[in-house]
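Structure at a glance
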Amino acid sequence: SNVIMNKEVNKTIQCSLEAVESYDFPKDEPFNLQVPIDGVMYEFMIHLKENSDKILVLASGKIQEKTQHDRSKPYYQRSKWYFDESTIYFNDPTLYIDDDITTGWAIGTKDDWYLEKIAEIIKKIAKNLFKYNIDDEYGNLLFYGSMSGGFMAIMLSILVENSISIAEMPHLEVFRTNQRPLLNHI
């Protein structure tokens, strides 16, 4: 049934990075996942499907000025899209560094590359769900994003071996897009 995921997700699970790989995540109901690492909260909205052996990971792009988004909460662009496959939407914690930052490419700080941690968490979720043959361990994992989300999708498909990405109009040169707030705060 093609029901759009538009209801509020009420269940939130918080666990350590180590616990993600063996946690008994709910199937066929959306939930939020929080994974604290080195003082940074990594947040995901996840909908695992019992009958799917594929995972779509959707990256968010820029928070548009016209968007009424509470900056104290995670930003999941396209979260109303429905897929038959399992889905993972992730928040970019770079957006929490300062309200002037409307897109962060999951850069993080000089000392902590957030996108690398996001990739680690997604690998552990995939290992949790699918006990793949080591030769194609992440072969059913697809990253998608557009613009700055396209950059993140490409980078994640590099960080997670044997995965693929679809990037629409990716912004690949982060600092050529006039990201003064990003430069000022990271």
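Residues numbered from 1 in each chain as written. Predicted model: local features only at pLDDT ≥ 70, side-chain atom pairs only at ≥ 80, totals over all residues. Heavy atoms only, no water.

1. As for the overall build of the chain
Along its length, the chain carries four helices and seven strands. Tracing the chain from N to C terminus, the helices and strands come up as β-α-β-β-β-β-α-β-α-β-α. For the chain, with 186 residues in total, the buried portion stands at 48%. The long-range fraction of contacts in the chain, counting pairs at least 24 apart against all pairs at least 6 apart in sequence, stands at 54%. Total accessible area on the chain is roughly 9800 Å²; 47% of this is exposed by carbon and sulfur atoms. (Helix = DSSP H or I, 4+ residues; strand = E, 2+ residues; numbered from the N terminus. Buried < 20%, exposed > 50% of the residue type's maximum accessible area, 1.4 Å probe, protein only. Contact = heavy atoms within 4.5 Å. Areas by Shrake-Rupley, 256 points an atom, 1.4 Å probe, with all protein chains shown as cover.)

2. Quick look at helix α2 (residues 114-129)
In this model α2 runs 23 Å from its N-terminal to its C-terminal C-alpha over 16 residues, within 8% of the 22 Å that 1.5 Å per residue would give. The set of residues buried in α2 consists of Tyr-114, Leu-115, Lys-117, Ile-118, Ala-119, Ile-121, Ile-122, Ile-125, Ala-126, Asn-128 and Leu-129. (Expected span 1.5 Å × (residues − 1).)

3. Let's talk about the pattern of salt bridges
What the rule picks out here adds up to three salt bridges. For Lys-124, the salt bridge identified is with Glu-21, shortest N-O distance 3.5 Å. Of the two residues, Lys-124 is situated in helix α2 and Glu-21 in the loop between α1 (17-20) and β2 (31-37); the sequence distance between them amounts to 103 residues. A salt bridge links Asp-112 to Lys-117, with the nearest nitrogen and oxygen atoms 2.6 Å apart. The exposure classification of Asp-112 matches that of Lys-117, with both residues buried. (Salt bridge = Lys/Arg side-chain N within 4 Å of Asp/Glu carboxyl O.)

4. Quick word on the sheet that holds strand β6 (residues 141-146)
Taken together, seven strands build an open sheet; the order of strands is β1-β2-β3-β5-β4-β6-β7 and the sheet is mixed. Taken across any chain shown, the strands that pair with only one partner, and hence form the sheet edges, are β1 (12-14) and β7 (164-168). Each strand axis lies, on average, 20° off the axis of its neighbour in the sheet, ignoring direction. Strand direction decides the pairing type here: β1 and β2, joined by three bridges, are parallel. Along β2, the bridge assignment pairs Gln-14 with Gln-34. (Pairing = 2+ DSSP bridges. Axes fitted to C-alpha atoms, helices over the stretch in contact; angles between N-to-C directions.)

Read these as layout, nothing more, since geometry by itself doesn't imply function.
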